[in-house]
Amino acid sequence: MPRTYYHDGWIRITTSSVWVDGRRYGLDEINDVRRQRTAVLGRRVWVAVGILALATLLLAGRLITSIGWWTAGGGRYQSLLTPGRGRFALVAVAVVLVALLGVLGGALALHAVEDIRRHGRRLELWATIRGCRTLLLSTNDAVRFGQVCRSLARALDDRPT
């Protein structure tokens, strides 16, 4: 029974062969494996860049507004809090909402950076099979690409000599 190193809907790597989209390539037929990376700006990356830019603008606007409020208000900010409990509660709720929006904006910005890093390149895995250069995998998912490359390397290292 062959050991399976990697398996998903498109590619399967075992101790004896590599299956790509229904085609079988024996490990003994594979001579040279190369990786190729190409920058690609797809829709997902553009959306992530837009979210990152919006989060940066919101953060800058919030900082400018805060600095302006504290410097222009001087000692008058205390007058906002003294008239009663209602106004104090309103200011406290506003501060909590602004903090919550800041945390959510930061989380969205970090997610956008991860999307750019993960999906910002076209990754291709090429192999020489029976003397012909063959494309085994083309994806923009860096995690999946890494898993397939490591699995194929293990399978090639473990093949009998």
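Provided above is the structure to which this section pertains.
The structure displayed is predicted, hence computed values, not measured ones.

**Q** I would appreciate a short explanation of the sheet that holds strand E3 (residues 17-20) in the present structure.
**A** Judged by pairing direction, the sheet is antiparallel, and its four strands sit side by side in the order E1-E2-E3-E4 without closing on themselves. Bordering the open sheet on either side are strand E1 (4-7) and strand E4 (23-26), each of which pairs with just one other strand. On average, adjacent strands in this sheet sit at an angle of 10° to one another, irrespective of strand direction. When E1 meets strand E2 (residues 11-14), the two strands line up antiparallel, connected through three bridges. Paired with Thr 4 across the bridge in E2 is Thr 14. Contacting E1, E2 and E3, helix H4 (residues 142-158) runs over the sheet at an angle of about 155° to E1.

**Q** Help me understand the packing of aromatic side chains, please; the structure alone is not making it clear to me.
**A** Centre-to-centre distance and the angle between the planes together describe a pair of aromatic rings. What the rule picks out here adds up to zero aromatic pairs. The ring of Trp 126 has Arg 133 sitting right over it, with the charged end atom 4.6 Å from the ring centre.

**Q** Help me understand the nonpolar core, please; the structure alone is not making it clear to me.
**A** A general feature of soluble globular proteins is that nonpolar side chains tend to end up buried together. Grouped together as the largest cluster of nonpolar side chains are 21 residues, with contacts concentrated most on Ile 13, Val 18, Leu 125, Leu 136 and Leu 152. If you list the elements that add at least two residues to this core, you get E1, E2, E3, strand E6 (121-129), strand E7 (132-139) and H4. Here this core gets six residues from one element, more than from any other, and that element is H4. The contact partners of Val 18, leaving out residues within four places of it in the chain, are Ile 11, Arg 12, Ile 13, Arg 23, Arg 24, Tyr 25, Leu 27, Ile 30 and Leu 152.

**Q** Would you mind showing me how to read unusual backbone geometry here?
**A** Residues apart from glycine generally show negative phi values, whereas peptide bonds are mostly found in trans. Positioned with a positive phi, Asp 21 is a non-glycine residue whose angle comes to about 50°. By the element assignment, Asp 21 lies in the loop between E3 and E4. Positive phi is not limited to glycine here, since Arg 130 has a value of about 55°. Inspection of the secondary structure puts Arg 130 in the loop between E6 and E7.

**Q** Teacher, can you tell me more about the pairing of E6 here?
**A** The side chains of a regular strand alternate, residue by residue, between the two faces of the sheet. Pairing of E6 with E7, which is carried by seven bridges, proceeds in the antiparallel orientation. Bridge pairing in E7 places Trp 126 opposite Leu 135.

Reading the values: rules and limits
- Residues numbered from 1 in each chain as written.
- Predicted model: local features only at pLDDT ≥ 70, side-chain atom pairs only at ≥ 80, totals over all residues.
- Heavy atoms only, no water.
- Pairing = 2+ DSSP bridges.
- Helix = DSSP H or I, 4+ residues; strand = E, 2+ residues; numbered from the N terminus.
- Axes fitted to C-alpha atoms, helices over the stretch in contact; angles between N-to-C directions.
- Contact = heavy atoms within 4.5 Å.
- Phe/Tyr/Trp six-rings, centres within 6.5 Å; stacked < 30°, edge-to-face > 60°.
- Lys NZ or Arg CZ within 6 Å of the ring centre and 35° of its normal.
- Core = buried A, V, L, I, M, F, W, Y, C linked by side-chain atoms within 4.5 Å.
- Buried < 20%, exposed > 50% of the residue type's maximum accessible area, 1.4 Å probe, protein only.

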